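Each chain, written out:
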Amino acid sequence: MAWFRGLVGEGLSLGPLEQEAEGVPPGSEGLVFLPYLMGERSPVWDPKARGVWAGLSLTHTRGHLYRAVLEGLAYALRHNVDTAVQAGYPVEGEMRAVGAVRGASFGCGS
């Protein structure tokens, strides 16, 4: 999110971006964001993976882009949770995501 905010304008608060994203339906009208901007760690383990917006058209707005980023991050987190459950780890209760703005590390724990 910090990367996107820096991309569309330093100093822009998240409030306006969140309002714009709220006006976009789930699925961002076919716009998909893969958040592999610095490769991908768990559970893909591919340092050469790269991010992409797929399905981008002239009808998409900044709100669509931001919502797609949020959805892409949510699906990436879900991928980790599903992989942990499939491996037999109990995943229950509150989870917290932590990470560095520059993408140094990212993880989930319960």
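Residue numbering note: each chain is counted from 1, following its sequence as written. Note on the predicted model: pLDDT of at least 70 is required for a residue's local features to be given, and 80 or more for side-chain atom pairs to be given and counted; whole-chain, interface and lining totals, by contrast, use all residues. The side-chain figures draw on all heavy atoms in the structure; neither hydrogens nor water molecules are used.

Provide a residue-level description of the packing of aromatic side chains, including the pertinent values.
When two rings of Phe, Tyr or Trp (its six-membered ring) have centres within 6.5 Å they constitute a pair, described as stacked for plane angles under 30 degrees, edge-to-face for angles over 60, and tilted for the intermediate range. This structure, assessed with the given rule, holds six aromatic pairs. Taking the centre distance of 4.9 Å and the plane angle of 45° together, the rings of Phe33 and Trp53 count as tilted. Residue Phe33 is found in strand β1 (residues 32-34), and its partner Trp53 is found in strand β2 (residues 52-54); the two are separated by 20 residues along the sequence. Under the scheme applied here, a residue whose accessible area is under 20% of the maximum for its type counts as buried, over 50% as exposed, and between as partly exposed, the area being computed with a 1.4 Å probe on protein chains only. Classification of Phe33 as buried rests on a relative accessible area of 5%. Cluster of aromatic residues (ring-pair linked, three or more members): Trp3, Phe4, Phe33, Trp53 and Tyr66. Numbering of helices and strands starts at the N terminus; helices are DSSP runs of H or I of at least 4 residues and strands are runs of E of at least 2.

So what about the confidence of the model for the protein? Which residues, and what values?
Of the residues in the protein, 88% have a pLDDT of 70 or more, and the chain-wide mean is 85. Across residues 101-110 the pLDDT falls below 50, and counting only partners more than four positions away or on other chains, this stretch makes 22 contacts in the model. Here pLDDT means the predictor's own confidence in every residue, given as a number from 0 to 100. Throughout, a residue-residue contact means that at least one pair of heavy atoms, one from each residue, lies within 4.5 Å.

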